[in-house]
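# Examining the three-dimensional arrangement
Below, each chain spelled out in residue letters.
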Amino acid sequence: MLVFDHVSKCFGDLRAVDDLSFELEAGEVFGLLGPNGAGKTTAINMAVGLLEPDEGVVRFADEAFDRDPRDAENRRSLGLAPQSIALYEQISGADNLRFFGRLHGLRGSDLEERVAACLDFADLTDVGKKVVSKYSGGMQRRLNLAVAIIHDPELVLLDEPTVGVDPQSRNAIFERVEQLRDGGKQVVYTTHYMEEAQRLCDRVAILDRGRLMALDTVPALIEAHGGPGNLVVRTGDGESRHETTDPLGTLAELQARQAVDHFQYLPPDLETVFLNLTGRALRD
């Protein structure tokens, strides 16, 4: 449904997105993983038509996006949960859903059915009549997600949907994303949390300074870019760490020289891939 074809976007001298190309596959959660400032939000804003590319084209349903209102029909097939929570705090959760539902053309019983379904989806039915200013951060994040799907879109774009939430709310959001995928939705999920991408995403695009560094499934990324794992060994002399692609062989060599009291093998993971591709220097 969504295609980026050699897309670039600049803000003055800053090239926020640089020659980015990817295509969503049917029924997948597609991850955009990168450090802060990698271009993830800029890409999302171009995907929904809030920004125009300087170069290249973004296509949805095989039609190029532009700012022409004639694209409204296509955009009704998109749902966006922005990183900055986009809710009206002075009204209830249910009324937020009604408001955004009406913007998408829902009326009457169809609207009320979707409001009830989305409150249930977000586990907010019991507080649906409560004003949003009284919601916790996690509740607001879940409502933010519910608003994105009030019109039952085919493609849902989630920009850093777990920022600032507690572990229970984060896990609840994970379950809702998995529920969307299981229900046949396509999902674009931006994050800088490795464990989120590793758990949720069928494929992951790693971005850095606006450029695509790698794109594949998590196992394939680890295979291609993970490098050696680490064998952590404790002996009478203390603990040591050994990079190795052959942990059993390395352990045998160490045991031949000294008694090993304890060992643990830490295989490469998505965080290893991320650091190998984007570097280990601090980013301010």
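Values in this document were obtained by computation on a predicted structure and should not be read as measured data.

Let's shift gears to the overall build of the chain. Within the chain, the regular secondary structure consists of 10 helices and 13 strands. Its C-alpha atoms give the chain principal-axis dimensions of about 75 × 45 × 35 Å. In the chain, which comprises 284 residues, the proportion classed as buried is 46%. Counted over contacts in the chain with a minimum sequence separation of 6, partners at least 24 positions apart contribute 65%. Once the 30 positive and 47 negative side-chain charges of the chain are each reduced to a mean point, those two points are 6 Å apart.

Before going further, it helps to examine the packing of aromatic side chains. For the coordinates displayed, the defined rule picks out five aromatic pairs. Ring geometry for Phe-4 versus Phe-22: centroids 4.7 Å apart, planes at 15 degrees, classification stacked. Taken together, the residues Phe-4 in strand β1 (residues 2-11) and Phe-22 in strand β2 (residues 14-23) connect sequence positions 18 residues apart. One exposure class covers both Phe-4 and Phe-22, and it is buried. In this structure, Arg-170 is placed above the aromatic ring of Tyr-193, and the distance from its NZ or CZ to the ring centre is 5.6 Å.

Of all six residues in strand β8 (residues 186-191), six are buried; the element is thus mostly enclosed. In this structure, strand β3 (residues 29-33) lies alongside β8, joined through five bridges in parallel fashion. Looking across to β8, one finds that Val-29 is bridged to Val-187. Bridge analysis of strand β7 (residues 155-159) against β8 gives five bridges, and the strand direction is parallel. Within β8, the position partnered with Leu-157 by the bridge is Val-188. A crossover connection joins β7 to the parallel β8 through helix α6 (residues 167-182); in handedness this β-α-β unit is right-handed.

On to the environment of Ala-81, then. Mapped onto the fold, Ala-81 is located in strand β6 (residues 78-81). Not counting chain neighbours up to four residues away, the residues in contact with Ala-81 comprise Asn-144, Leu-145, Ala-148, Leu-157, Leu-158 and Asp-159.

Another point: the environment of Lys-134. Positionally, Lys-134 belongs in the loop between α4 (108-121) and α5 (137-148). Separated by 42 residues in the primary sequence, Lys-134 and Ser-92 have C-alpha atoms spaced 9.2 Å apart.

On to the side chain of Glu-160, then. With respect to the secondary-structure elements, Glu-160 resides in the loop between β7 and α6. Residue Glu-160 is classed as buried on the basis of its relative accessible area of 3%. Residue contacts for Glu-160: discarding those within four places in its chain leaves Lys-40, Gln-83, Arg-141, Thr-190, Thr-191 and His-192.

Time to look at the domain arrangement of the chain. The domains assigned to the chain are domain 1 (2-222) and domain 2 (228-267). One C-alpha centre belongs to domain 1, the other to domain 2, and the line joining them spans 43 Å.

The end-to-end C-alpha distance of α4 is 20 Å, a good match for the 20 Å that 14 residues give at a rise of 1.5 Å each. Turning to α4, its buried residues are Leu-111, Val-115, Cys-118, Leu-119 and Phe-121. Looking straight down α4, one finds that the buried residues subtend no more than 155 degrees of arc, so they occupy a single side. Along α4, exposed side chains directed more than 90 degrees from the buried face belong to Ser-109, Glu-113 and Asp-120. Summarising the contacts, the buried residues of α4 are in contact with α3 (93-103), α5 and α6. Downstream of α4 by a residue or two, Asp-123 has a phi angle that is positive, lying close to 60 degrees.

What counts, and where the lines are drawn
- Residues numbered from 1 in each chain as written.
- Predicted model: local features only at pLDDT ≥ 70, side-chain atom pairs only at ≥ 80, totals over all residues.
- Heavy atoms only, no water.
- Helix = DSSP H or I, 4+ residues; strand = E, 2+ residues; numbered from the N terminus.
- Buried < 20%, exposed > 50% of the residue type's maximum accessible area, 1.4 Å probe, protein only.
- Contact = heavy atoms within 4.5 Å.
- Lys, Arg positive; Asp, Glu negative; His and termini not counted.
- Charge placed at Lys NZ, Arg CZ, Asp CG, Glu CD.
- Phe/Tyr/Trp six-rings, centres within 6.5 Å; stacked < 30°, edge-to-face > 60°.
- Lys NZ or Arg CZ within 6 Å of the ring centre and 35° of its normal.
- Pairing = 2+ DSSP bridges.
- Right-handed = clockwise from strand over helix to strand, strands pointing away.
- Domains from an automatic or database assignment.
- Expected span 1.5 Å × (residues − 1).
- Arc of directions from axis to C-beta.

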